[in-house]
Structure formats: C-alpha cells, structure tokens
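# Summary of structural features
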Amino acid sequence: MDLGLKNRVAVVAASSQGLGLATAAAFAAEGCRVAMCARNEQTLQAAAQKIGEQYAAQVFAEAFDVADSTAVSQFVSAVVNHFGGVDICVTNAGGPPAKGFLAATLDDWQHALDLNFLSTVYFAREVIPHMQRQHWGRIITITSITTKQPLADLVLSNAVRAAVVGLVKSLANEFGKDGILVNNVGPGFTATDRLKELAKSRSAASGKTEQEIFHAWAAETPLQRVGNPRELADTIVWLSSERASYITGQTVLVDGGAYKGL
Ligand SMILES: NC(=O)c1ccc[n+]([C@@H]2O[C@H](COP(=O)([O-])OP(=O)(O)OC[C@H]3O[C@@H](n4cnc5c(N)ncnc54)[C@H](OP(=O)(O)O)[C@@H]3O)[C@@H](O)[C@H]2O)c1
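Because the structure is predicted, anything quoted here is derived from the model rather than measured.

### Overview of the packing of helix α1 (residues 18-29) against helix α8 (residues 229-240)
- One can describe the packing of α1 onto α8 by two numbers: an axis separation of 8 Å at closest approach and a directional angle of 50 degrees. Of the possible angle classes, the one that applies to α1 and α8 is oblique. In this structure, α1 meets α8 at a crossing whose hand is right-handed. Contacts between α1 and α8 pair G18, L19, A22, T23, A26, F27 and A29 from the former with P229, R230, L232, A233, D234, I236, V237 and S240 from the latter.

### Topic: the sheet that holds strand β6 (residues 180-187)
- Within the open sheet, the 7 strands sit side by side as β3-β2-β1-β4-β5-β6-β7. Their pairing is parallel. Whereas interior strands pair on both sides, the edge strands pair on one side only; in this sheet they are β3 (59-63) and β7 (251-254). The average undirected angle you get between the axes of adjacent strands in this sheet is 15 degrees.
- Pairing analysis gives 5 bridges linking strand β2 (residues 33-38) to β3, with the strands arranged parallel. In the sheet register, A35 faces β3, and the bridge partner there is F60.
- Seen against the sheet, helix α3 (residues 69-83) touches β1 (9-12), β2 and β3 and runs at an angle of roughly 155 degrees to β3.
- Its contacts with the sheet put α8 on β4 (88-91), β5 (137-142), β6 and β7, and the angle it makes with β5 is roughly 155 degrees.

### Comments concerning the domain arrangement of the chain
- Taken domain by domain, the chain holds domain 1 (9-188 + 229-251) and domain 2 (190-226).
- Distance between the C-alpha centres of domain 1 and domain 2: 25 Å.
- In this complex, domain 1 contributes 13 residues to the contact, which on the side of domain 2 involves 9 residues.
- Of the roughly 830 Å² buried at the junction of domain 1 and domain 2 (both faces included), carbon and sulfur atoms supply 46%.

### Here we look at the pairing of β1
- Residues V9 and V11 of β1 are buried on one face, and the alternating residues A10 and V12, pointing to the opposite face, are buried as well.
- As paired strands, β1 and β2 are joined by 4 bridges and run parallel to one another. The residue of β2 that forms the bridge with A10 is V34.
- With α1 bridging β1 and the parallel β2, this β-α-β connection has right-handed handedness.
- Alignment of β1 against β4, held across 3 bridges, turns out to be parallel. Paired with V11 across the strands is C89, a residue of β4.

What counts as what
Residues numbered from 1 in each chain as written. Predicted model: local features only at pLDDT ≥ 70, side-chain atom pairs only at ≥ 80, totals over all residues. Heavy atoms only, no water. Axes fitted to C-alpha atoms, helices over the stretch in contact; angles between N-to-C directions. Helix = DSSP H or I, 4+ residues; strand = E, 2+ residues; numbered from the N terminus. Parallel < 35°, antiparallel > 145°, perpendicular 65-115°, else oblique. Left-handed = near helix turned anticlockwise from the far one by under 90°. Contact = heavy atoms within 4.5 Å. Pairing = 2+ DSSP bridges. Domains from an automatic or database assignment. Buried area = accessible area lost by both parts, 1.4 Å probe. Buried < 20%, exposed > 50% of the residue type's maximum accessible area, 1.4 Å probe, protein only. Right-handed = clockwise from strand over helix to strand, strands pointing away.

Written as structure tokens, this is what we have:
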C-alpha cells in the first residue's frame, strides 16, 4: 500500500523516547522529513542521529519544553525555515503523575493542563496557518485510553485528556474545509519507560511486584499482552496518510481491546 507520505514534513513532539520516538522513526521509514523535540538535548540528538542514519532520513531536532508556548512557536518557525513547510503534526508530552483526586495538588492540575492540553493548543495554533496555505495537513494528538475509559489513580489524565478530545473534534470541524484532518490516538498499556514508572508507583501503593502489575495489565487486555510502541506509531502514520483521507475528528484506541465499552 502506498501511503503517499514520501517527503512530507512530520513534526513529532516529545519524541526522544517511547511513543514519540517510535512515531518519528515510523515516519522516517516512510520517507518523511522529520522534526523532533524533547527537553533533554543529549538524548534527543542521539535519537535524531540514530533515526537519520537508520532510514537515511532528514531529521531536524531541537530541545525545549512543549509547555512553553514561545518555544513551540520558535520551533515550528525553525522547522518551516529548515524544511520549507509542515504537513503533519503529532502532539505528545510526558504523562501526568499517577494520583487519586485528594492527592493531586493544584500545581499538579496546572501542570497537567499546561503539558497535556495547552501544549496541543500551542502546536495547533502554529501549524494550522501553514497547513491552510497548502490546503493539506494532518494533526494527530497522542492521549490515552483514559479518553474513553477513566483509569484508577489517573485522575489528572482522565480529566485533562478529555479536553484534548473536545479540541480535536472542534479543529476537525473548523478546518476540514482547508484539507486539514485532525484525529486523536489513545494508547492502552504500551511498553515504554512511562509504563515502567506507572508500574513502579502502583507497586509501591499495592505491595505487588512490578512484574505482577505488568501481568495484570496484560490480563485486562483481550490480546493478553501490553502493546509495542511501533503498533501505535504505525496507526499514526496510517492516519496521517493519503489512505486515511476521509477520517477526521475521531479517537482511535490502540489498546489491544482493553477498552470495555462498545
Ligand atoms: N506508554 C503507555 O502505556 C501510555 C498509555 C497511555 C498514554 N500514554 C501517554 O503517552 C504519552 C507518551 O508516553 P510514553 O510512554 O512514550 O512516555 P515516555 O517513555 O516517558 O517518553 C516521554 C517523551 O516525552 C518527552 N517529554 C516529556 N515531557 C516533555 C516536555 N515537557 N517537553 C518536551 N518533551 C517532553 C521525553 O523526553 P524529555 O524527558 O527529555 O523531555 C520523552 O522523549 C504520555 O503522555 C503518556 O501518559 C502512554
């Protein structure tokens, strides 16, 4: 299947490891030019170099915090200067801490809003005018299965990610006429450092071992395993492609069937 993505410029936020890194690599494998970011410069540049070499891809990488609107604006300008435009934008950031409602402080709420909601607003505001000019664009937000099914002790994710879905649907409605498709992907339990951190905090709270926590997650999933980051990345690449040209405003869960609803 020709995905029609060769030479497209794909921005992937928060992409030095985990789901973002897998997504940047998957775009590079399709012949896209890729722009990456994360806070830690050294890890980011190492990841960018590896992807560049592995796929003979053009990769642009800059270190900054996606919760900083000025930094996001400067980054998108730099990407446009470097590559001549931006076609695809995948928003992503580190996840909020695992906490119940009374344990979450007001600072936790503000931080989760900045990181997991407003960072998407910042990227969308910057990339949409470029996409409008070329009458083609894809914006994909990485959120969580919590957009469909709240999880215990993840009140920050459960609440804040719902706002991203509202934003996605609004942007899809407003900018469909400009050829811009906007969708959301919700990973279920996927084997990254973030999941190891979650296993650690659940282990400390429950007395179970981290291995038992992983087994329980796998058992909750009809496919009986946690996901591989590449499985989410491939979904994002397909949604960005010409082969998904009539899909917008949707949430696609990549969760091995873990969501229990219809
Ligand atoms: N893995 C799962 O099972 C799962 C399930 C549902 C939802 N999610 C969500 O998906 C997202 C990605 O998860 P992951 O598992 O890939 O996490 P991860 O392995 O911890 O990777 C996070 C990446 O984001 C970067 N990052 C974090 N905060 C940033 C910031 N403020 N500005 C710029 N870059 C930042 C990190 O690099 P630096 O630290 O250098 O900045 C790193 O490259 C998270 O929001 C997570 O909650 C994950």
